[in-house]
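Take a look at the letters that make up each chain.
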Amino acid sequence: MSRDPIIDPEILADARKRALHGGAHRDEGATYAPAVARPPAIVAGWACRARCGRFVPVDDAAVSALASNNATLRRRGEPELGEHEIVFCPRCKHGAAPDRAEALRRRVDETAKLIAELKTLVDNDLRERSLLARLRDLGHPDVEGLRRAIAESRAAKNTTTKRRTI
Ligand SMILES: [Zn+2]
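None of these values were measured; they are calculated from a predicted model. (Residues numbered from 1 in each chain as written. Predicted model: local features only at pLDDT ≥ 70, side-chain atom pairs only at ≥ 80, totals over all residues.)

**Student:** Just to check I follow, could you spell out the nonpolar core for this structure?
**Tutor:** The tendency in soluble globular proteins is for nonpolar side chains to be buried as a group. Core analysis: the largest hydrophobic core is formed by 12 residues, namely Trp-46, Cys-48, Val-56, Val-58, Ala-61, Ala-62, Ala-65, Leu-66, Ile-86, Val-87, Phe-88 and Cys-89. At the level of secondary structure, the elements contributing two or more residues to this core comprise strand 2 (55–59) and helix 2 (60–76). Looking at this core, the element that brings in the most residues is helix 2, giving four residues. (Core = buried A, V, L, I, M, F, W, Y, C linked by C-beta atoms within 7 Å. Buried ≥ 20, exposed ≤ 12 C-beta atoms within 10 Å, placed from the backbone. Helix = DSSP H or I, 4+ residues; strand = E, 2+ residues; numbered from the N terminus.)

**Student:** Help me understand the environment of Leu-118 in this model?
**Tutor:** Position of Leu-118 among the secondary structure elements: in helix 3 (residues 90–120). Overall, Leu-118 belongs to the buried group, with 20 C-beta atoms counted inside 10 Å. Placed 14 residues apart in sequence, Leu-118 and Leu-132 show a C-alpha to C-alpha distance of 8.3 Å. Contact partners of Leu-118, with chain neighbours within four places excluded, come to Glu-128, Leu-131 and Ile-150. (Contact = placed C-beta atoms within 7 Å.)

**Student:** Could you clarify how one ought to interpret unusual backbone geometry in this entry?
**Tutor:** Peptide bonds are, in most cases, trans, and in most cases residues other than glycine have a negative phi. Notably, Arg-51 is not glycine yet its phi reads approximately 60°, a positive angle. The topology assignment puts Arg-51 in the loop between strand 1 (42–47) and strand 2. Unusually for a residue other than glycine, Asp-123 sits at a positive phi of about 45°. Note on placement: Asp-123 falls in the loop between helix 3 and helix 4 (125–137).

**Student:** Help me understand helix 4 in this model?
**Tutor:** Note that an α-helix has 3.6 residues per turn; residues three or four places apart therefore point the same way. Taking 1.5 Å of rise per residue, the 13 residues of helix 4 would be expected to cover 18 Å, and the 18 Å separating its terminal C-alpha atoms lies within 8% of that figure. Gly-139, located one to two residues past helix 4, shows a positive phi value of around 90°. (Expected span 1.5 Å × (residues − 1).)

**Student:** So what exactly am I meant to see when it comes to helix 2 here?
**Tutor:** Compared with the 24 Å implied by 1.5 Å per residue over 17 residues, the 24 Å span of helix 2 between its first and last C-alpha is a close match. Regarding helix 2, the residues found buried are Ala-61, Ala-62, Ala-65, Leu-66, Asn-69 and Thr-72. Projection of helix 2 onto a plane perpendicular to its axis shows the buried side chains occupying an angular sector of 130°, all on one side. Turned more than 90 degrees away from the buried face of helix 2, the exposed residues are Arg-74 and Arg-75. Positive phi shows up at Gly-77, right after helix 2, with a value of about 75°. (Arc of directions from axis to C-beta.)

**Student:** Explanation requested: the environment of Ala-44 in the structure shown.
**Tutor:** Positionally, Ala-44 belongs in strand 1. Classification of Ala-44 by C-beta neighbours within 10 Å gives partly exposed; the count is 14. Between the C-alpha atom of Ala-44 and that of Val-63, which follows or precedes it by 19 residues, the distance is 7.7 Å. Apart from residues no more than four positions distant in its own chain, Ala-44 is found in contact with Val-58 and Val-63.

Encoded structure:
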């Protein structure tokens, strides 16, 4: 079993803050569950908010934090949070986010390299086509505009070169 925190501390802190804040606006008759120090008991399994399909065991503090948070949201007429929107499973929390950042970094690096190579290409339509295709695969938003811009700058360079050599 994982010893990772079973609820995102930020979410929990926010839920507690919201609950306290909401509570401050209550007039009377407010009843709060007293905070009792005891080892957390796993009372529920919430679906991972990354929608990976795994369930995350949560303790009663998390359940009551969500309940009071939702009570506050309800009073304000705001949409409540579902159990599937609260916690990441350990794998998504520690794995997915860095993976996504790393993948993005790799994509940015590769895109920059491809564009740099494109700019240096001379009369190599085949290579140019494959570089442009790869940029399209990488999700470059305007491959055609890029192609035009590079062609124009090449044309401008050629003109300059010709003028110099004449
Ligand atoms: Zn997950």
